[in-house]
Amino acid sequence: MSDKPVNEMSFEEAMRALEQVVGQLERGDVPLEESITLYERGAELKKRCEAKLKEAEEKVAAITTDASGTPTGTRPLDEV
Amino acid sequence: MSDLIEDAGPGQNAHEYTVSEISGAVKRVLEGEFGYVRVRAEVGRVSRPRSGHLYFDLKDDRAVLNAVSWKGQVARMAVQPEEGMEVIATGRMTTFPGGSRYQLIVDNVEPAGEGALMAMLEKRKKALAADGLFAPERKQPLPFLPEVIGVVTSPSGAVIRDILHRLRDRFPRKVLVWPVAVQGQNCAAEVARAIEGFNALTPGGALPRPDLIIVARGGGSIEDLWGFNEEIVVRAAAASDIPLISAVGHETDTTLIDFAADRRAPTPTAAAEMAVPVRLELLGWVDDQGARMTRGMGQAVLLRRQRLADLSRALPRPEQLVEGARQRLDKWGDRLDPALRAATQRRRVKLAEAAAHLRPGLLRNAITAKRDRLEARISRLRPEALTRDITQKRRDLDQVAARLAAVARADLGQRRDRLAALERMRMSLGYEETLARGYAVVRSGEQVITTRVAAEAATALEIQFRDGRFAVGGKPAKKAMPKKPPEQGSLF
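Residues numbered from 1 in each chain as written. Chains lettered and ligands numbered in written order. Predicted model: local features only at pLDDT ≥ 70, side-chain atom pairs only at ≥ 80, totals over all residues. Heavy atoms only, no water.

Chemist: Sorry if this is basic, but what is going on with the overall build of chain B here?
Modeler: Helix and strand counts for chain B stand at 15 helices and 14 strands. For chain B, the proportion of its 492 residues judged to be buried stands at 32%. Sequence-distant contacts, at least 24 apart, represent 63% of the contacts inside chain B between residues at least 6 apart. (Helix = DSSP H or I, 4+ residues; strand = E, 2+ residues; numbered from the N terminus. Buried < 20%, exposed > 50% of the residue type's maximum accessible area, 1.4 Å probe, protein only. Contact = heavy atoms within 4.5 Å.)

Chemist: Help me out: how do you make sense of the pairing of strand S11 (residues 441-444) of chain B in this one?
Modeler: Each regular strand carries side chains that alternate between the two faces of the sheet. All names here are of chain B. Summarising the sheet, S11 and strand S13 (residues 461-465) pair through three bridges and their orientation is antiparallel. Following the sheet pairing, Val442 is matched in S13 by Ile463. As judged from the two bridges shared by S11 and strand S12 (residues 447-448), these two strands associate in the antiparallel manner. Residue pairing in the sheet places Ser444 in a bridge with Gln447 of S12. Counting the residues in the hairpin turn of S11 and S12 gives two residues, including Gly445, whose phi is positive at 65°. (Pairing = 2+ DSSP bridges.)

Chemist: Where do I start with the nonpolar core in this structure?
Modeler: The nonpolar side chains of soluble globular proteins are, as a tendency, buried together. With 61 residues, the main nonpolar core has B:Leu58, B:Leu104, B:Val152, B:Val191, B:Phe198 and B:Val215 as its most contacted residues. When residues are assigned to domains, this core turns out to be shared by domain 1 (19-112) and domain 2 (134-277) of chain B, each giving three or more. When residues no more than four places from it in sequence are discounted, the contact partners of B:Val191 are B:Val152, B:Val180, B:Ala181, B:Val215, B:Phe228 and B:Val233. A:Val30, B:Val151, B:Ala216 and B:Ile245 belong to the second-largest nonpolar core, a separate cluster that totals 45 residues. (Core = buried A, V, L, I, M, F, W, Y, C linked by side-chain atoms within 4.5 Å. Domains from an automatic or database assignment.)

Chemist: What exactly am I supposed to notice about unusual backbone geometry here?
Modeler: Positioned with a positive phi, B:Ser100 is a non-glycine residue whose angle comes to about 50°. Topologically, B:Ser100 is positioned in the loop between strand S4 (86-96) and strand S5 (101-111).

Chemist: What exactly am I supposed to notice about the packing of helix H1 (residues 11-27) of chain A against helix H2 (residues 32-54) of chain A here?
Modeler: To characterise two packed helices, one gives the angle between the axes of the helices and the distance between these axes. Residue and element names in this part refer to chain A. As a packed pair, H1 and H2 sit with axes 9 Å apart at the nearest point and diverge in direction by 150°. The chirality of how H1 crosses H2 is left-handed. Facing Phe11, Ala14, Met15, Ala17, Leu18, Val21, Gln24 and Leu25 of H1, the residues of H2 in contact are Ser35, Leu38, Tyr39, Arg41, Gly42, Leu45, Lys46, Arg48, Cys49, Lys52 and Leu53. Of the residues belonging to the contact of H1 with H2, the class tally is twelve nonpolar, three polar and four charged. (Axes fitted to C-alpha atoms, helices over the stretch in contact; angles between N-to-C directions. Left-handed = near helix turned anticlockwise from the far one by under 90°. Nonpolar A, V, L, I, M, F, W, Y, C, P; charged D, E, K, R; others polar.)

Chemist: Mind showing me how you'd approach a positive patch on the surface here?
Modeler: Together, B:Lys370, B:Arg373, B:Arg377 and B:Arg380 make up a positively charged patch on the protein surface. Looking at B:Arg380, the relative accessible area reads 59%, which means it is exposed. (Patch = residues over 30% accessible without salt bridge, like charges linked within 9 Å, V, L, I, M, F, W, Y side chains within 5 Å. Areas by Shrake-Rupley, 256 points an atom, 1.4 Å probe, with all protein chains shown as cover. Salt bridge = Lys/Arg side-chain N within 4 Å of Asp/Glu carboxyl O. Lys, Arg positive; Asp, Glu negative; His and termini not counted. Charge placed at Lys NZ, Arg CZ, Asp CG, Glu CD.)

Chemist: Looking at this structure, I do not really get the packing of aromatic side chains. What am I missing?
Modeler: The description of an aromatic ring pair uses the distance of the two centres, along with the angle that the planes make with each other. Under the counting rule described, the total for this entry stands at three aromatic pairs over all chains. Relative to B:Phe144, the ring of A:Phe11 has its centre 5.9 Å away and its plane inclined at 10°; by these criteria the two rings are stacked. Of the two residues, A:Phe11 sits in helix H1 while B:Phe144 sits in the loop between helix H3 (114-130) and strand S6 (148-153), which places them in two different chains. Both rings, one in B:Phe134 and one in B:Phe259, keep their centres 5.5 Å apart while their planes meet at 40°; by these two values the pair is tilted. Pair noted here: B:Phe134 is in the loop between H3 and S6 and B:Phe259 is in helix H7 (residues 256-260), with a separation of 125 residues, a long-range link. Positioned above the aromatic ring of B:Trp332 is the side chain of B:Lys331, whose terminal nitrogen or guanidinium carbon lies 5.9 Å from the ring centre. (Phe/Tyr/Trp six-rings, centres within 6.5 Å; stacked < 30°, edge-to-face > 60°. Lys NZ or Arg CZ within 6 Å of the ring centre and 35° of its normal.)

Chemist: I tried to follow the interface of chain A and chain B on my own but got confused; where do I start?
Modeler: Reports often express the size of an interface as the amount of accessible area lost when the parts come together. On the side of chain B, 38 residues touch chain A, which itself brings 43 residues to the contact. For the chain A and chain B pair, buried surface summed over both sides reaches about 3,600 Å², with 68% attributable to carbon and sulfur atoms. On the chain A side of the interface with chain B, the three residues burying the most area are A:Leu53, A:Glu58 and A:Ile63, jointly 17% of the side's total. Our count for the chain A to chain B interface comes out at three salt bridges. In this structure, A:Glu26 and B:Arg292 form a salt bridge, with 2.7 Å as the shortest nitrogen-oxygen distance. Counting across the interface, chain A meets chain B through 13 residue pairs in polar contact (both at pLDDT 80 or more). For the side of chain A that touches chain B, the secondary structure elements donating two or more residues are H1, H2, strand S1 (59-65) and strand S2 (71-76) of chain A. Of all the elements, H2(A) adds the most residues to the side of chain A that touches chain B, at twelve residues. The class makeup of the residues in the side of chain A that touches chain B is 22 nonpolar, eight polar and 13 charged. (Buried area = accessible area lost by both parts, 1.4 Å probe. Polar contact = N/O pair within 3.5 Å; in protein donor to acceptor, adjacent residues only side chain to side chain.)

As structure tokens, this is what we get:
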């Protein structure tokens, strides 16, 4: 288990960790007290995953550049 | 009027042109005749002045034709002429009156046949591969879920629309489009600059740096896609620190950027699929994990509860544990009193039996009987017999003793007589009697001297006479010693 706080994890990290927790719980070879802690951690990881999935927001912008091709900002992409 | 007209001399009746006129006439003829031509040639020297126009030579083994493409034409060209390239140049002939030159204004240059172009592509690919740009170890894994996706493509058209649609379906993300020309002269430079530009953005800046870049273009001819074969594009893609997906042309089209990209997508839509996972699937996955976790947890508790129940069932009641013992205790306890009583009874009976035989009268009788027997024996003892025996033996002893004394007295008298006789004999035979007759004994110490030699050797001499000893020289002997029997022998 990595020591990274759950709410700093990327989706993928949280996902891996969650997978691990589930695997451990399903194997059932964890002492009961520990499995409670594990479960709590799993719940936290699941929340993190769901939060990251909820962040699915579409934002499309086109980069504007100056004459030398250096980006200056964005403008909405007209089409689509 | 005739003198107004100069006579035409011989050879002077032809029309007289000015240079400009003739040049213009040539130009008209040339342009009229060669308004649209295709010329197959090898590209010679190429020059690109800052004006943006392109000057180059077209040649074969015997002739050289100057060619020029104006700036606008160059921009539209899919393939830029390069020295040594076998091409078919399309354009119109024209003259340059200022230099008495004719030239071909080239609209378009095509490689002379696919083969030639592919050969060139192959050569370039080898050179870039030799630089390690396509090495598998340079490939970076794509992020599982990029936050920001940078797309390098034309801002209008089907490609960006396809990508955005597919992204929206799967997992809506922040998309930054870097508009570029996807064909023509500027294509390569713009694409390369866009890739570098995305890499130059700082994470979390005003313009967020993408986690993933997609370089996309729809299908087209090899000439249309040519910009993506250009070295600057390939190098920019290889150098990108941000993982990059190339999606140029259709599946069958392969451009060099595909080899340098971390992943190659057959279509722009496929690139979007590679870029992000399906959100709904992930949500489902997360739900599933949650369910599995809960189930696993429940299972763990259930299993333990079951086990506990099993164990509790197997655990006997405490009463049960002592039941047997208690029963035995009761049983033995009940038997204790009767047993004691019985034992006592038994012993009492035995005691009574034994005691029954005990009669003091009997004992007394026995004692009396034994005493009587003893007294009877005592009465039979007669001391007279013993006394008689003793008296007889004493008389015998007295007789023997008297005889012993008589014998001893007689023997003693005999021995005394013999002794006196022997003494008398000794007196008459001893050397000392001879001394009375005038003999003397000479001694040195205890030694009897019998020779002259011994006498001379002796330190002191002692002479014994009848009435005593006399020392000659030295001290006299302390006491007189009787002569030894050997001396006596010699005297006989």
